[in-house]
Amino acid sequence: MHRTGPRPGRDFLFVATGAFGAVATGAAIWPPIDSTNPPADVVTLSSIEVDLADVEVGTRITLSWQNKPVFIDYRTDATIARARAEDLDGMPDPEPDAAPVQRPEWVIQIGICTHLGCIPLGQSDGDPLGNRGGWFCPCLGLHYDVAGRIRKGPAPRNLDLPLYSLVSKSMVKIG
């Protein structure tokens with residue numbers, strides 16, 4: 001007698017063999033591909049030094065560190081006063097203005113929205129700013145204030161801060 005119907009046992013073997021072959025191929029080619037990445041300790045220890053002498057008061061610059069945008073804001077006295085006067089009630093991540101800064105005139109933070117990983121606007125002339133004069137994330141309409149604190153939207157925390165130190169009056173080391 002000749003059987004012409006479905007063969008579930010044979011179908012399972014074909015699928016299982018194909019899946020095993022795909023996993024084995026991936027396991028074989030991943031090590032050479034991964035070896036082109038720098039070791040984690042090299043990436044972690046990498047740092048840059050930036051001379052801020054040419055940055056004018058009231059301007060913002062963006063630079064790249066570890067393939068991430070870093071926002072540097074040289075704040076005016078009025079901006080510092082506005083940041084310190086913000087009411088912290090109702091903030092998802094309440095933090096006084098003095099917490100994220102080593103000197104009040106400089107705010108240095110990673111320019112990646114803490115919700116979906118978009119890059120907020122507000123660094124260039126003509127960019128929309130958040131409703132508190134800070135940054136605006138166009139992905140879901142989030143607003144950050146002039147200290148990088150989340151003021152409107154579903155972000156769980158304020159903009160992240162890189163490890164940095166102000167080496168001199170005009171030199172900052174990030175990383």
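Here goes a summary of the coordinates provided. Please read these numbers as outputs of a predicted model, since none were measured by experiment.

Turning to the packing of aromatic side chains, a few remarks are in order. With the rule as written, the count across this model stands at 2 aromatic pairs. Ring centres of F71 and W135 lie 6.0 Å apart, and the angle between their planes is 15°; this geometry places the pair in the stacked category. With a gap of 64 residues between them, F71 in strand β3 (residues 68-74) and W135 in strand β5 (residues 133-137) connect regions that are remote in the sequence. Pair check on accessibility: F71 and W135 agree, each one buried. Consider the rings of Y74 and W106, whose centres lie 4.0 Å apart with planes at 20°: the pair is stacked. Remark: W106 occurs in strand β4 (residues 106-110) and Y74 occurs in strand β3; sequence separation between them is 32 residues. The burial state of Y74 is the same as that of W106; both residues are buried.

Sheet architecture is open: 3 strands sit in the order β2-β3-β4, paired in antiparallel fashion. Each edge of the open sheet carries a strand with a single partner, namely β2 (60-65) and β4. Within this sheet the neighbouring strands show an average axis-to-axis angle of 20°, counted without direction. Sheet analysis places β3 next to β4, joined by 5 bridges and oriented antiparallel.

All right, on to the pattern of salt bridges then. Under the counting rule described, the total for this entry stands at 6 salt bridges. E86 is paired through a salt bridge with R132; the nearest N and O atoms lie 3.0 Å apart. Linking E86 in the loop between α3 (77-85) and β4 with R132 in the loop between β4 and β5, this pair joins segments that are 46 residues apart in sequence. E86 serves as the salt-bridge partner of R151, at 3.5 Å between the closest nitrogen and oxygen. Taken as a pair, R151 in strand β7 (residues 150-152) and E86 in the loop between α3 and β4 lie far apart in primary sequence, 65 residues in all. In this structure, a network of salt bridges that share partners links the residues E86, R132 and R151.

Right, let's talk about the sheet that holds strand β9 (residues 171-174) for a bit. Strands sit in the order β1-β9-β8 across an open sheet of 3 strands; the sheet is antiparallel. In this open sheet, the two edge strands, each paired with only one partner strand, are β1 (48-51) and β8 (164-166). Within the sheet, the average angular offset between the axes of one strand and its neighbour, ignoring direction, is 20°. Two strands pair when backbone bridges link them, and β1 and β9 are joined in this way by 4 bridges, in the antiparallel orientation. Looking at β9, one finds that E49 is bridged to K173.

Moving on, we get to α3. In an α-helix, one full turn covers 3.6 residues, which means residues spaced three or four apart are oriented alike. Every buried residue belonging to α3 is among T79, I80 and A83, and all of these are buried. An end-on view of α3 places all buried positions within 100° of arc, on one side of the element. Exposed side chains of α3 directed beyond 90 degrees from the buried face belong to D77, A78 and A85.

Its place among the elements puts D145 in strand β6 (residues 142-145). Excluding residues that lie within four positions of it along the chain, D145 makes contacts with E86, M91, R132, G134, W135 and R151.

Criteria and cut-off values
- Residues numbered from 1 in each chain as written.
- Predicted model: local features only at pLDDT ≥ 70, side-chain atom pairs only at ≥ 80, totals over all residues.
- Heavy atoms only, no water.
- Phe/Tyr/Trp six-rings, centres within 6.5 Å; stacked < 30°, edge-to-face > 60°.
- Helix = DSSP H or I, 4+ residues; strand = E, 2+ residues; numbered from the N terminus.
- Buried < 20%, exposed > 50% of the residue type's maximum accessible area, 1.4 Å probe, protein only.
- Pairing = 2+ DSSP bridges.
- Axes fitted to C-alpha atoms, helices over the stretch in contact; angles between N-to-C directions.
- Salt bridge = Lys/Arg side-chain N within 4 Å of Asp/Glu carboxyl O.
- Arc of directions from axis to C-beta.
- Contact = heavy atoms within 4.5 Å.

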